[in-house]
Amino acid sequence: MVPVSVGQAGNVSGLLLSLILSEQVQNRTDSVDFGPSQLWCHRFAGLRSYATPHSQFFAPSEGIMLPAGSYNNKVAFITGGGTGLGRAMTGVLSQLGAQCVIASRKLEVLQQTATEISSQTGNKVHAVQCDVRDPQAVSRCVDQMVELTGLPDVIINNAAGNFICPSERLSANGWKSITDIVLNGTAFVTLELGKRLIQNQKGASFLAITTIYAESGSGFVVPSASAKAGVEALYKSLAAEWGRYGHRFNIIQPGPIRTKGAFSRLDPTGTFEKSMIGRIPTGRLGKPAELANLAAYLSSDYASWMSGAVIRFDGGEYVSMAGEFNELRKVTDDQWKMLETMIRSTKGS
Ligand SMILES: CCCCCCCCCCC/C=C\C=C\C(=O)SCCNC(=O)CCNC(=O)[C@H](O)C(C)(C)COP(=O)(O)OP(=O)(O)OC[C@H]1O[C@@H](n2cnc3c(N)ncnc32)[C@H](O)[C@@H]1OP(=O)(O)O
Ligand SMILES: NC(=O)C1=CN([C@@H]2O[C@H](COP(=O)(O)OP(=O)(O)OC[C@H]3O[C@@H](n4cnc5c(N)ncnc54)[C@H](OP(=O)(O)O)[C@@H]3O)[C@@H](O)[C@H]2O)C=CC1
């Protein structure tokens, strides 16, 4: 064992202190540099890569995981299916044989996505305008879907709204805007479809896309955190209640996956991306295709015994932020030698 002197012990503390301080400076959020370099980074987001070297161990597999035809003769309804993760899930389900119905506010966006995906997969994708905040609009949308495809086998509640905002700056309408889309919208879609499916004695798989902070809560996205927690309670409750009607309810909590919708509202300057990736044990962002494969599995017959499940899909970010000692990742081998020597040399309490 290497003997340790008082002077060395002082060095270790100094070293650790400067390490911690430099981390605090790098991660400080009370004063953030939104200077031109950060803005430049954001504008050229497509060219930037902050993935860490160890992310090589966790290279994404973006091919479709389930066997071809897994969704033949199935109908899938995806809210927010025109963009981002909803679009990726629609693409995978369509490729696997499903007839898809995508719904959101912007009909043109939906129609373009529908045309692009249909032309790639050869399977029909229908675009239906619907603001999920309005229960009558949801009911009309379901009427339209019944005409087009019949009732669905798969429902994915993916539509959401979010923005970062200190809660003291949040207006009542800002709160309402997010909670209406996320919690009420999911409830209106689920109740409308659930009741019609029950009337028709048809089973179905319901999937909700929430977020890792639905569990922990999070400052600066308080309406989203509150509404997503409500969605999780809704889905877990219905998993218990509606199994008897042939309905399964599951939840995916994604960690950060680059989409224009999310990143433009949650990190508009690109300032926080690097530190965020630094705390993800797998060292990179998730990919839409990875999320889409998980959603396709959970919504498929391969998962017919799966209900009431909450799947965290975040590269390890949640546990990495939760553990009190996880910052010790930054201690070097030499520092560990000194720390161990100090600890072992302590006798008694
Ligand atoms: C340490 C930081 C780490 C950063 C990490 C970054 C990356 C993280 C990735 C992980 C993400 C995790 C979870 C993600 C969850 C998501 O849901 S992402 C999906 C986001 N997508 C969307 O939001 C798409 C849809 N959104 C919208 O359409 C709009 O943004 C909106 C506002 C939700 C709804 O639009 P609309 O109905 O047109 O509403 P408005 O009339 O414009 O506004 C309604 C009220 O809200 C107030 N408002 C709007 N924007 C803001 C803002 N930025 N700040 C404060 N208030 C806002 C607006 O003023 C209205 O209120 P008033 O009438 O009172 O003025
Ligand atoms: N990307 C990420 O890192 C993460 C995303 N998530 C979740 O993933 C899901 C998809 O997000 P993402 O793809 O990133 O972001 P997007 O912004 O691309 O997706 C949100 C979708 O919701 C639709 N939408 C919004 N408001 C309404 C409304 N009132 N009625 C109907 N549809 C509406 C939008 O379409 P339109 O504007 O046409 O209405 C849009 O297609 C969301 O539930 C989000 O909370 C969770 C954790 C991380």
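Before any of the text, the structure's been laid out above.
Here the structure is a predicted model, which means the values were calculated and not measured.

Brief notes about the pairing of strand β4 (residues 154-157)
Alternating residues of β4 divide into Val 154 and Ile 156 and Ile 155 and Asn 157, and every residue in both groups is buried. As defined by bridge partners, strand β1 (residues 75-79) adjoins β4 across three bridges and the pair is classed as parallel. Note that in β4 the partner of Ala 76 across the bridge is Val 154. Where β4 meets strand β5 (residues 204-209), four bridges bridge the pair, whose relative direction is parallel.

Brief notes about the site of ligand 1
Around ligand 1 there are 23 residues in total, and Arg 105, Asn 162, Ser 171, Asn 173 and Arg 265 lie nearest to it. Within the contact set of ligand 1, an oxygen atom lies 3.1 Å away from a side-chain nitrogen or oxygen of Arg 133. Arg 265 places a polar side-chain atom, nitrogen or oxygen, 2.8 Å from an oxygen atom of ligand 1. Contact with the protein chains removes 63% of the 1,300 Å² of surface that ligand 1 exposes when unbound. When residues of the shell around ligand 1 are traced back to their parent elements, those giving at least two are α6 (172-199) and α9 (260-266). Among the residues making up the shell around ligand 1, the classes are represented as eleven nonpolar, eight polar and four charged.

A closer look at the site of ligand 2
Near ligand 2, the surroundings consist of 26 residues, among which Thr 83, Ser 104, Arg 105, Asn 158 and Thr 259 are the closest. Between a nitrogen atom of ligand 2 and a side-chain N or O atom of Asp 131, the distance comes to 2.9 Å. When isolated, ligand 2 has an accessible area of 870 Å², and the protein chains bury 90% of it. Secondary-structure elements contributing two or more residues to the shell around ligand 2 are α3 (84-95) and α9.

Some details on the environment of Trp 242
When you line up the elements, Trp 242 lands in the loop between α8 (222-241) and β6 (247-254). Judged by relative accessible area, which is 8%, Trp 242 ranks as buried. In this structure the C-alpha to C-alpha distance between Trp 242 and Gly 194, which are 48 residues apart in sequence, comes to 8.7 Å. Leaving out residues up to four positions away in the same chain, Trp 242 has contacts with Thr 190, Leu 191, Gly 194, Lys 195, Ile 198, His 247 and Phe 249.

The rules behind these values
- Residues numbered from 1 in each chain as written.
- Chains lettered and ligands numbered in written order.
- Predicted model: local features only at pLDDT ≥ 70, side-chain atom pairs only at ≥ 80, totals over all residues.
- Heavy atoms only, no water.
- Buried < 20%, exposed > 50% of the residue type's maximum accessible area, 1.4 Å probe, protein only.
- Helix = DSSP H or I, 4+ residues; strand = E, 2+ residues; numbered from the N terminus.
- Pairing = 2+ DSSP bridges.
- Near = heavy atom within 4 Å.
- Polar contact = N/O pair within 3.5 Å; in protein donor to acceptor, adjacent residues only side chain to side chain.
- Areas by Shrake-Rupley, 256 points an atom, 1.4 Å probe, with all protein chains shown as cover.
- Nonpolar A, V, L, I, M, F, W, Y, C, P; charged D, E, K, R; others polar.
- Contact = heavy atoms within 4.5 Å.

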